[in-house]
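Observations on the three-dimensional arrangement
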Amino acid sequence: MQMTWRWYGEGNDSVTLKQIKQIPGVEGIVWALHNKAAGEVWEVSEIEEVRKQIEPYGFNMDVVESVNVHDDIKIGLPTRDALIENYKTTLRNLAKFGVKVVCYNFMPVFDWTRTDLHHQLPDGSNALFYEKKVIREDPMEMARYIIEGSKGYTMPGWEPERLEHLKELFEAYKPVTKEKLWENLGYFLEAIMPTCEECNIKMAIHQDDPPWDIFGLPRLLVDEAAIDRFLKLVDNPYSGLTLCSGSLGANEKNIVADIVRKHCDRIYFAHIRNVKHYEGGDFSEVSHRDCDGDVGILDIIKAYHDCGYTGYIRPDHGRHIWDEKCRPGYGLYDRALGVMYILGIWDTLEKFDRKQ
Ligand code: CS2
Ligand code: MN
């Protein structure tokens, strides 16, 4: 496997490349043009700017997270074909820089959702938290609630400029049933597969977070059965998974290690995040250490190792520790501990548990 680190870009991330360089084992930067709206073409000159930042540190830029899919494509509006053309142009431009994996998701309207971005854990650190009873039916009300407690941060997809158009967006999603959303996902993938083949770029879908319907919006990638269905929907090696242990693991019924063993050949990017379950479906993000949460981090890494996984991996959301001021879930310290924990398990397995 190849260890990577998600970085939001110079001036847009509290973590520097110089700091990342000093974390043992990190080979690649997972990056994106975060100022681009979904549907816009990523121009070569803009990608070149990022390359100039990353390459002097000796990191690869093989993985992009994410090239977001425009809602019109998810809804299936007539505008989707032009937007898909833009997506293909972006893929071609990324290929010029050797990009190999593009992570994306197919969640309607929002990316991940939490009710508290600074939930205090017993050790005094804080982390992202989801409490079912706090979820407001009306997402505008939810947004106000989150903004109040957010200390100036927001969640991806919940930016004020997007919230302005929320009403219309929800209207547009009304006719989109779960089946329709599957159909639209298939349409999108079918359309871009030839470009992916030509560019040698693997598409890697991220699961929905949390893995259940929210605000009356359908969510597709929520469990093993959905992942099975997805991989058959467009049965092409260029369409695979970003397997996120924390997104799936928020539902205690999902046994992530089993999914790894079943679909290892279609996993191109592994997100390692640990989650602790509370009664009634509430959950908290916790440290990467196996016993701190419930997703089975040790089993998951062992499963990847047993399968001879050679793809990309990264620690996903970390806690906020040692008074760090950072993007929710994306600080330096706890994710660096996560890297060392993952590599600790991996190196031990390599040395003492070589199966091949
Ligand atoms: C999240 C997501 O779990 C994660 O990595 O931070 O925002 C993720 O980046 C997107 O859903 C992938 O498109
Ligand atoms: Mn993830």
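About the criteria used
- Residues numbered from 1 in each chain as written.
- Chains lettered and ligands numbered in written order.
- Predicted model: local features only at pLDDT ≥ 70, side-chain atom pairs only at ≥ 80, totals over all residues.
- Pairing = 2+ DSSP bridges.
- Helix = DSSP H or I, 4+ residues; strand = E, 2+ residues; numbered from the N terminus.
- Axes fitted to C-alpha atoms, helices over the stretch in contact; angles between N-to-C directions.
- Contact = placed C-beta atoms within 7 Å.
- Near = placed C-beta within 6 Å.
- Nonpolar A, V, L, I, M, F, W, Y, C, P; charged D, E, K, R; others polar.
- Parallel < 35°, antiparallel > 145°, perpendicular 65-115°, else oblique.
- Left-handed = near helix turned anticlockwise from the far one by under 90°.
- Core = buried A, V, L, I, M, F, W, Y, C linked by C-beta atoms within 7 Å.
- Buried ≥ 20, exposed ≤ 12 C-beta atoms within 10 Å, placed from the backbone.
- Expected span 1.5 Å × (residues − 1).

Concerning the sheet that holds strand β3 (residues 63-65)
Strand order in the open sheet made by the 8 strands is β2-β1-β12-β9-β8-β7-β4-β3, with parallel pairing throughout. Two strands close off the open sheet at either side, each with one partner strand: β2 (28-30) and β3. Strand after strand, the sheet turns through a mean of 30° between neighbouring axes, direction not considered. Here β3 pairs with strand β4 (residues 101-104) via 3 bridges, running parallel. Bridging across to β4, glutamate 65 finds its partner in cysteine 103.

Considerations on the environment of leucine 181
Positionally, leucine 181 belongs in helix α8 (residues 178-199). Sequence spacing of leucine 181 and lysine 74 is 107 residues, and the spatial spacing of their C-alpha atoms is 6.3 Å. Ignoring anything within four residues of it in the chain, the contact list for leucine 181 reads Lys74, Val176, Pro218 and Leu220.

Comments concerning the site of ligand 1
Near ligand 1 there are 14 residues, and of these Ser66, Asn105, Asp111, Trp112 and His206 occur at the shortest range. The class makeup of the residues in the shell around ligand 1 is 5 nonpolar, 5 polar and 4 charged.

Brief notes about the packing of helix α4 (residues 80-95) against α8
In a packed pair of helices, the relevant descriptors are the angle between the two axes and the axis-to-axis distance. Axis separation between α4 and α8 bottoms out at 10 Å; the angle between their running directions is 20°. Compared by their axis directions, α4 and α8 come out roughly parallel. Remark: the crossing between α4 and α8 carries right-handed chirality. Between α4 and α8, the residues in contact are Ile84, Tyr87, Lys88, Leu91, Arg92 and Ala95 and Phe188, Ala191, Ile192, Thr195, Cys196 and Cys199, respectively. Tallied by class, the residues present in the contact of α4 with α8 amount to 9 nonpolar, 1 polar and 2 charged.

Quick look at the nonpolar core
General note: in soluble globular proteins, nonpolar side chains tend to be found buried as a group. Judged by nonpolar contacts, the single largest core of 89 residues is most densely connected at Trp31, Val64, Val102 and Ala204. For valine 102, the contacting residues outside a window of four places in its chain are Val64, Val67, Leu91, Leu94, Ile201, Met203 and Ala204.

Thoughts on the sheet that holds strand β6 (residues 126-130)
The strand order across the open sheet formed by 4 strands is β5-β6-β11-β10, and the pairing between neighbours is antiparallel. Each of the sheet's edge strands pairs with one partner strand only, and the pair in question is β5 (116-120) and β10 (274-277). This sheet shows a mean twist of 40° between the axes of neighbouring strands, independent of strand direction. Summarising the sheet, β6 and strand β11 (residues 283-286) pair through 2 bridges and their orientation is antiparallel. Bridge assignment links phenylalanine 129 to a residue of β11, and that residue is serine 284.

Concerning helix α13 (residues 333-352)
Spanning 20 residues, α13 covers 29 Å between terminal C-alpha atoms, matching the ideal 28 Å at 1.5 Å per step. When we look at burial in α13, the residues that qualify are Asp334, Arg335, Ala336, Gly338, Val339, Tyr341, Ile342, Leu343 and Ile345. For α13, the elements touching its buried residues are β1 (2-6), β9 (267-272), α12 (297-306) and β12 (312-315).

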